[in-house]
Every structure is written in structure tokens, then in C-alpha cells.
Amino acid sequence: MTQKKCFETNVINYEDSEDSHKLHQFLRSRQLGIPEAILSAVGKIIKDVREKGDEALFNYTLKFDGIRIDTKTIEVSRSEIISAYTKQSSLFKKSLNVAAERIHAFHEKFLPDSEIFEDEFGNTLGKVAIPVERAGCYIPGGIAAYPSTVLMTVIPAKVAGVKDIIVCVPCQKNGKVNEKTLAAMAIAKPDRVFKIGGAQAIAAMAYGTQTIPKVDVIVGPGNIFVAGAKKLVNGDVKIDMIAGPSEVAIIADRFANPEWLAYDIMAQLEHDPNACSFFISNSTKLIDSVIEALQRTIPKSNRSNIIKEAVSTNGWFIKVKSLRQAVNLTNQIAPEHLELSIKNPFTLLSRIKTAGAIFLGYLSAESFGDYLLGPNHTLPTQGTARFSSPLSSAIFFKEMTVSGVSKEGVINLSSYVKTMAHAEGLLAHADSVSVRQRDILGSMKKGNKKSV
């Protein structure tokens, strides 16, 4: 008996010009950005929060979430957080702790350095990396729970040495934050947690209200309204990125396990009907086997409707001539997640130029990275891996340069400064070094040994 298809497949041969054109049109469509209508609506929310503060937060929470909050109920108490943690199973608590330890250890290895040195003229030069004073972490919520995102955003800020870390998270219809999400906060230990979500939460963290303090950096994923708000406040506050729907690209050879790969595709597509997947192989047999495994497995998923919609609309199965061609295509896709499900993944690793997170070999399911390997799961999407990086502790730092000019530096470098200043018509710039050069040289001519 022929198995009924649960989704329509989008299989293309990349060697076919019509097929490749169709794929590249899709890739361009990913980069159209946030619709103007969304940005306009979000802009009004931000303006309202800036002008009315808490009053606007309360009104929007009632309007969008159907929940009435006020100054007494907007903040989650420490006792609520501890209570939520104690209610969890031993295995879940252990899992949170294992993940937290691994995330902390990984991010600690890549902290920005401060460095001071002397150049050939004895000038003191360098930079000093200093954590920002206050960070805001946005945690998606309401319908779903993302305790892993609590760990992935708050812990890097802790590792960076941020003194004040606040969290904004939407609450459920009962007016409370999901208890699994709260349990993660018992481990990550942000300083304050507010039951507020959406664009209004981003506005509150960016500009401050009577209750929610203004922050220096905002990190964390969210829906398209959250992304739109982050886009609009960027510049008034530092943001990590503007994240879109989840993505995965998989390069696989003929030895890969099709059932494993089917589940890897489903793992990303179950997030969102707008999530997308790119399965790329030089083996037609493997592509057919993965599609067959998906047709068989998707109906068993608790999120089958979401996965069906995503794979039918945004799921690509791409036959390439070679793994080298697969890499060239992947560099154009710039995926959020990339699995190199091949026998010798290191042979391709050096050729990958654009991806958020790379997973090496058959055993490296992306799901490990989502929860506890250590690298962050907040990653660039929609092709932005071409120029941006995963969330790390570095986002919570600012750098200051340090310069100390020596006598030798004044003598040897002043003429170049003066030449460039005159070229720009900024004569006071030239004069400010000229007077130092004059006095130092005059002192030297007189044989004066004292410092100038």
C-alpha cells in the first residue's frame, strides 16, 4: 500500500538553471526585512511607552495578552522563582545545572581582552574592555516556554561581569510566568524579572519606565514585533541582532543516516511555520530516503501541523554535483545552523565562510547546541550570518582606547599630524601638537634635562 504524502516536497537540482533561480529568489525573499506595517505599529507602541511609561505597559499587556497588571504585580519575586524551581523534577533541575555550567565555561573562554603596549617611540597604546552597567534579556513566552534562552542570555551577561541584569518575559493567560522558565532563572540569577512581553518590553528596557530601568544592551529572540522593536531602538541602545524564524542547512554525504537527518530537519521546523530548512546532498538516494523518513515521521509529531506547513513552504531538498558545490551554496545561504553530516567534516570546515553555528559529523545533532553544549543558541538568521555573530559575552562589553604620547612620539609624529590637519583645514589640531613639539625641542636645545 502506497503511503499517503503528508507534505509536498520541494526537490531541486542545483545544476538546473531554472531550479537554482527558484532557490535564489527564495533566498532574496528572506532578506526583505520586517514589513513597514509592522514597523509602523511597533513605532507607535515605542512612542507610547516613552511618553507614558508604566501606564502604556499595563494598557498593552491588557490589550494584547488579556492580562491586567500593575506596579505591584509587574515584577516576579525571588520567592516565586525559588518556588517554581523546587517544584521541578530532579532530572530537569540537573539538566538546567549541567547546561548552566557548560554555557558558563564556554563563554568564559572567549572574554574580550584589555591590552596595553608601547610602540617603537615609547608611546603607550592599547584598549580596555569594560562590561556595561545594565543589560536587558528578552525571553519569549506566553504560549511556549524557553528556559534554555534564560540560560543562554543571562549567563553570558553574568560571565561578562554586568552588575545589573533584568529580564522581561511575557506571562501566561493566568498572569504568571511559566514555571519551567522561572526555574531556569533560579539557576541563572538575573537581578530582576518583569512580566512584560512584546514590543512594549523592548521599549521599556530601551528607554526606561517608572518601574523598569533603562538598560545599555538588549539581547534575546522574539516574534516579529519584538524584532521590529529591536530594529527601531537600535542606536539608542545596543542590541545583539534582529532574529527571524529558525533555520537549518544540512550538507550530507551518502553515508549519513536518513532517519537522523529527518529528525534534525523537524527539530528546527517545529519552532515556527515560517522556519526553513535546506537539505543539500550529492546523493539522490539519500535525498529520497530523507524525504521518505519525513513523510513517515512528521505525522507522529506533536507539532505536525507546524512542521507540515514549514516544510511545504520553506523546506528545500537540493541535489548538488559535489560537496564543494554544497559548500559554495551554503556560503550564499548563510544559515543560522549548519550541520556537516559527512564522513570527514573538517575537510569542509575551512571552506565555510557564513554560518551562525556549525555542527561537525553524523552524531552532532543541532539539538545538543540548542540546550547545553556551551556555544550560544541565539544566532543570526535570514542571511545575516554574512556579517554578524552568535550571542556571546562580548556583546556586553564596550571598549575604550588608551593613548599616552612620549617625547619621542611628539618629535617623530608631529609633522605627520600637522600635515594631515592642514589638509583638512583644522588648524587648531595642528597647533595643539606644534606647541608641544616647539617646547620639547626648545628644552632639548637648552640642554634642559627636566621633563616637559
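How each quantity is defined
- Residues numbered from 1 in each chain as written.
- Predicted model: local features only at pLDDT ≥ 70, side-chain atom pairs only at ≥ 80, totals over all residues.
- Heavy atoms only, no water.
- Salt bridge = Lys/Arg side-chain N within 4 Å of Asp/Glu carboxyl O.
- Helix = DSSP H or I, 4+ residues; strand = E, 2+ residues; numbered from the N terminus.
- Buried < 20%, exposed > 50% of the residue type's maximum accessible area, 1.4 Å probe, protein only.
- Pairing = 2+ DSSP bridges.
- Axes fitted to C-alpha atoms, helices over the stretch in contact; angles between N-to-C directions.
- Core = buried A, V, L, I, M, F, W, Y, C linked by side-chain atoms within 4.5 Å.
- Contact = heavy atoms within 4.5 Å.
- Parallel < 35°, antiparallel > 145°, perpendicular 65-115°, else oblique.
- Left-handed = near helix turned anticlockwise from the far one by under 90°.
- Phe/Tyr/Trp six-rings, centres within 6.5 Å; stacked < 30°, edge-to-face > 60°.
- Lys NZ or Arg CZ within 6 Å of the ring centre and 35° of its normal.
- Arc of directions from axis to C-beta.
- Right-handed = clockwise from strand over helix to strand, strands pointing away.

Asks: Explanation requested: the pattern of salt bridges in the structure shown.
Replies: Working definition: two side chains of opposite charge can pair if their charged atoms are close together. In this structure the tally under the stated criterion is nine salt bridges. Between Lys 230 and Asp 240 there is a salt bridge, with the nearest N and O atoms lying 2.6 Å from each other. Of the two residues, Lys 230 is situated in helix H9 (residues 224-233) and Asp 240 in the loop between strand S9 (238-239) and strand S10 (247-252); the sequence distance between them amounts to 10 residues. Side by side, Lys 230 and Asp 240 carry an identical accessibility label, which is buried.

Asks: How should the sheet that holds strand S15 (residues 397-404) be read in this particular structure?
Replies: The strands making up a sheet associate through hydrogen bonds between their backbones, and the pairing can be parallel or antiparallel. Read from one edge of the open sheet, three strands run S3-S4-S15, paired in antiparallel fashion. Edge positions in the sheet fall to strand S3 (115-118) and S15, since each has one partner strand and no second. Neighbour to neighbour, the strand axes of the sheet diverge by 10° on average, direction disregarded. Pairing between strand S4 (residues 124-131) and S15: eight bridges, direction antiparallel. Residue pairing for S15: Lys 127 is matched across the bridge by Thr 401.

Asks: Is there a simple way to think about the nonpolar core in this case?
Replies: Most often, soluble globular proteins keep nonpolar side chains buried together rather than apart. With 78 residues, the main nonpolar core has Leu 151, Met 205, Ile 212 and Phe 396 as its most contacted residues. Ignoring anything within four residues of it in the chain, the contact list for Leu 151 reads Leu 96, Ala 99, Ala 100, Ile 103, Pro 156, Ala 184, Ile 187 and Ala 188.

Asks: Looking at this model, I keep getting lost on the packing of helix H10 (residues 258-269) against helix H11 (residues 284-297). Mind explaining?
Replies: Angle between the axes and distance between the axes are the two parameters that describe a pair of packed helices. Across the interface, H10 lies against H11 with an axial gap of 8 Å and an inter-helix angle of 60°. As summarised for this structure, H10 and H11 are arranged oblique, according to the angle between their axes. As for the relative orientation of H10 and H11, their crossing is right-handed in sense. Contacts from Pro 258, Glu 259, Leu 261, Ala 262, Tyr 263, Ile 265 and Met 266 in H10 reach Leu 286, Ser 289, Val 290, Ala 293, Leu 294 and Thr 297 in H11.

Asks: Where do I start with unusual backbone geometry in this structure?
Replies: Peptide bonds are, in most cases, trans, and in most cases residues other than glycine have a negative phi. Positive phi, close to 60°, is recorded for Lys 189, a residue that is not glycine. Along the chain, Lys 189 turns up in the loop between helix H7 (179-188) and strand S7 (192-194). At Gln 382, a position not held by glycine, the phi torsion is positive, near 55°. Within the secondary structure layout, Gln 382 lies in the loop between helix H15 (366-371) and S15.

Asks: Can you help me understand the packing of aromatic side chains in this one?
Replies: Centre distance and the angle of the planes are the two values used to describe a pair of aromatic rings. For the structure shown, the criterion picks out five aromatic pairs. Residues Tyr 60 and Phe 64 carry aromatic rings whose centres are separated by 5.5 Å and whose planes lie at 10° to one another, so their mutual orientation is stacked. Here the residue Tyr 60 and the residue Phe 64 both occupy positions in helix H3 (residues 54-65), the gap between them amounting to four residues, near one helical turn. Residue placement shows Arg 50 over the ring face of Tyr 207; its charged tip is 3.9 Å from the ring centre. Taking the ring centre of Phe 255 as reference, the NZ or CZ of Lys 343 above it sits at 5.3 Å.

Asks: In this structure, what is going on with the pairing of S3? I would like to understand it.
Replies: For a regular strand, the rule is simple: side chains alternate between the two faces of the sheet. Here S3 pairs with S4 via four bridges, running antiparallel. Residue pairing across strands places Glu 115 opposite Lys 127, the latter belonging to S4. Hairpin connection from S3 to S4: five residues lie between these consecutive antiparallel strands, with Gly 122 at a positive phi of about 80°.

Asks: I would appreciate a short explanation of the environment of Asp 16 in the present structure.
Replies: Relative to the helices and strands, Asp 16 is located in the loop between strand S1 (11-13) and helix H1 (17-30). Residue classification places Asp 16 among the partly exposed positions, given a relative accessible area of 33%.

Asks: Help me understand the environment of Ile 82 in this model?
Replies: As for its position among the elements, Ile 82 is in helix H4 (residues 78-86). Residue classification places Ile 82 among the partly exposed positions, given a relative accessible area of 36%. Sequence-wise, Ile 82 and Met 185 are 103 residues apart; in three dimensions their C-alpha atoms are separated by 8.7 Å.

Asks: I keep staring at helix H12 (residues 304-314) and nothing clicks. Help me out?
Replies: An α-helix turns once per 3.6 residues; consequently, residues spaced three or four apart project the same way. Three or more residues of H12 are buried, namely Ser 304, Ile 307, Ala 310, Val 311 and Asn 314. Taken end-on, H12 shows its buried residues confined to a sector of 140°, consistent with a single buried face. Where H12 is buried, its residues meet H1, H10, strand S11 (276-281) and strand S12 (315-319).

Asks: Explain the pairing of strand S6 (residues 164-168) here, please?
Replies: The buried count for S6 comes to five of five residues, which makes it a mostly enclosed element. Residues Asp 164, Ile 166 and Cys 168 line one face of S6 and the alternating positions Ile 165 and Val 167 line the opposite face, and both faces are buried. When strand S5 (residues 134-138) meets S6, the two strands line up parallel, connected through five bridges. Opposite Arg 134, over in S6, you have Asp 164 as the bridge partner. Inspection of the sheet shows S6 paired to S7 by three bridges, in the parallel sense. Looking across to S7, one finds that Val 167 is bridged to Val 193. Crossover connection from S6 via H7 to parallel S7: handedness right-handed.

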